[in-house]
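One letter stands for each residue in the lines below.
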Amino acid sequence: MVNAGVVGFKCFLIHSGVEEFPSVTESDLHSAMEQLQGTDSVLLFHAEVETTSSQASSVGQPTDYSTFLASRSDDMEVEAIKLVCRVCKQYRVRCHIVHLSSAACLPILRQARADGAPLTVETCHHYLTLDAETIPSKATQFKCCPPIRGKQNQESLWGALKAGDIDLVVSDHSPCTADLKLLKDGDFMKAWGGISSLQFGLSLFWTGAQKHGLSLQDVVRLQCYNTAKLCSLHHQKGSIQAGFDADFVIWDPHASYKVTEDIIQHKNKVTPYLGMELQGVVQKTIVGGEVVFSDGEVKELPRGKLILKNK
């Protein structure tokens with residue numbers, strides 16, 4: 001697969017929730033790392049592991065967000081990231097932490113990179129926008145794994161972005177049909193974990209970025225250039241310059257809008273952002289030099305294609 005141009009591989013260090021995508025063991029990691037040495041491939045990690053606290057019985061009502069949050073404690077991410085940092089330093093294979101939620105992991109990541117580990121990390125719009133203190137009971141549209149944590153944790157993530165300790169901000173777009181969210185029962189422990197935010201990502205980040213002293217240049221770096229670099233595509237994507245793919249948006253950073261169900265483009269309309277006021281309105285989306293979205297309307301059918309490294 002590497003020789004065919006596959007850029008990297010993703011693994012879960014905990015049950016993925018999908019039977020056909022089982023988690024890996026530390027032994028599996030050593031085997032994979034040995035094979036990936038010298039290839040410039042990247043191994044992506046859902047970085048949570050089972051711990052004593054996670055295996056303890058949850059106390060509280062399953063309809064209370066606090067019950068779910070307690071079942072996915074910070075130490076699950078901390079212990080997972082300790083493992084990733086250890087094997088990354090040992091084998092010097094590129095590693096990437098997907099959807100970092102817990103700011104408690106930041107000192108570990110910072111030290112590993114200071115020690116020379118080829119390690120990158122991302123966080124997501126929901127961790128930077130939503131906080132545990134304001135999630136209502138039964139509001140399972142807010143459930144994701146790792147979980148949305150407290151406001152203080154969120155501010156630490158923003159600080160890490162400004163300090164350069166987090167490399168990317170992404171959607172981790174995870175749609176599902178409304179029935180899987182168990183909205184009627186409101187059971188956080190059984191509902192599907194995932195948030196859909198691909199459509200609103202630019203506006204979500206821009207709305208928060210301005211409040212935290214980040215510039216438009218930071219938006220481009222964290223959402224465009226560094227994402228392309230992770231995928232080894234920064235020679236053709238992630239920048240607007242001659243010879244690159246003409247993929248970009250035309251937008252009004254000063255305009256604002258309210259998230260309502262009628263403007264949601266993805267098929268299943270479940271979202272925790274409903275009713276939010278966001279800043280930055282995308283007017284047109286250009287893919288490969290062609291306008292595919294304009295003034296709220298999709299102009300043509302999807303035109304994506306398989307992109308392989310060095311092809």
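See the structure shown above.
Residues numbered from 1 in each chain as written. Predicted model: local features only at pLDDT ≥ 70, side-chain atom pairs only at ≥ 80, totals over all residues. Heavy atoms only, no water.

What follows concerns the overall build of the protein chain. Broken down by element type, the protein chain carries nine helices and nine strands. Rg of the C-alpha trace for the protein chain: 20 Å, near the compact-globule value of 19 Å for 311 residues, within the 12% margin. Referenced to the eigenvectors of the C-alpha coordinate spread, the extents of the protein chain come out at roughly 50 × 50 × 40 Å. Considering only contacts in the protein chain between residues 6 or more positions apart, those separated by 24 or more positions represent 70%. When the accessible area of the protein chain is evaluated, it comes to approximately 15,400 Å², of which 54% is carbon and sulfur surface. (Helix = DSSP H or I, 4+ residues; strand = E, 2+ residues; numbered from the N terminus. Rg over C-alpha atoms; globule rule 2.2 N^0.38 Å. Contact = heavy atoms within 4.5 Å. Areas by Shrake-Rupley, 256 points an atom, 1.4 Å probe, with all protein chains shown as cover.)

If you trace the four strands from one edge of the open sheet to the other, you get 6-7-8-9, paired in antiparallel fashion. Pairing within the sheet leaves two strands with one partner each, and these edge strands are strand 6 (248-258) and strand 9 (297-298). Pairing between strand 6 and strand 7 (residues 277-287): eight bridges, direction antiparallel. Its bridge partner lying in strand 7, aspartate 252 is registered against valine 281. Together, strand 6 and strand 7 form the strand contacts of helix 8 (residues 201-211), whose direction differs from that of strand 7 by roughly 135°. (Pairing = 2+ DSSP bridges. Axes fitted to C-alpha atoms, helices over the stretch in contact; angles between N-to-C directions.)

This part is about a nonpolar patch on the surface. A grouping of Ile240, Phe248 and Ile250 is seen on the molecular surface, where their side chains present a nonpolar patch of about 290 Å² in accessible area. Of the residues examined, isoleucine 240 reaches a relative accessible area of 72% and is grouped as exposed. (Patch = residues over 30% accessible without salt bridge, like charges linked within 9 Å, V, L, I, M, F, W, Y side chains within 5 Å. Salt bridge = Lys/Arg side-chain N within 4 Å of Asp/Glu carboxyl O. Buried < 20%, exposed > 50% of the residue type's maximum accessible area, 1.4 Å probe, protein only.)

On to helix 5 (residues 106-114), then. Buried residues of helix 5: Leu106, Leu109 and Ala112, and no others. Down the axis, helix 5 shows its buried residues gathered within 130° of arc, on one side only. Looking at the packing, one finds that the buried side of helix 5 touches helix 4 (74-91), strand 3 (94-98), strand 4 (119-124) and helix 7 (151-163). (Arc of directions from axis to C-beta.)

The topology assignment puts alanine 178 in the loop between strand 5 (168-170) and helix 8. With relative accessibility at 38%, the residue alanine 178 sits in the partly exposed group. When residues no more than four places from it in sequence are discounted, the contact partners of alanine 178 are Leu183, Asn268 and Val270.

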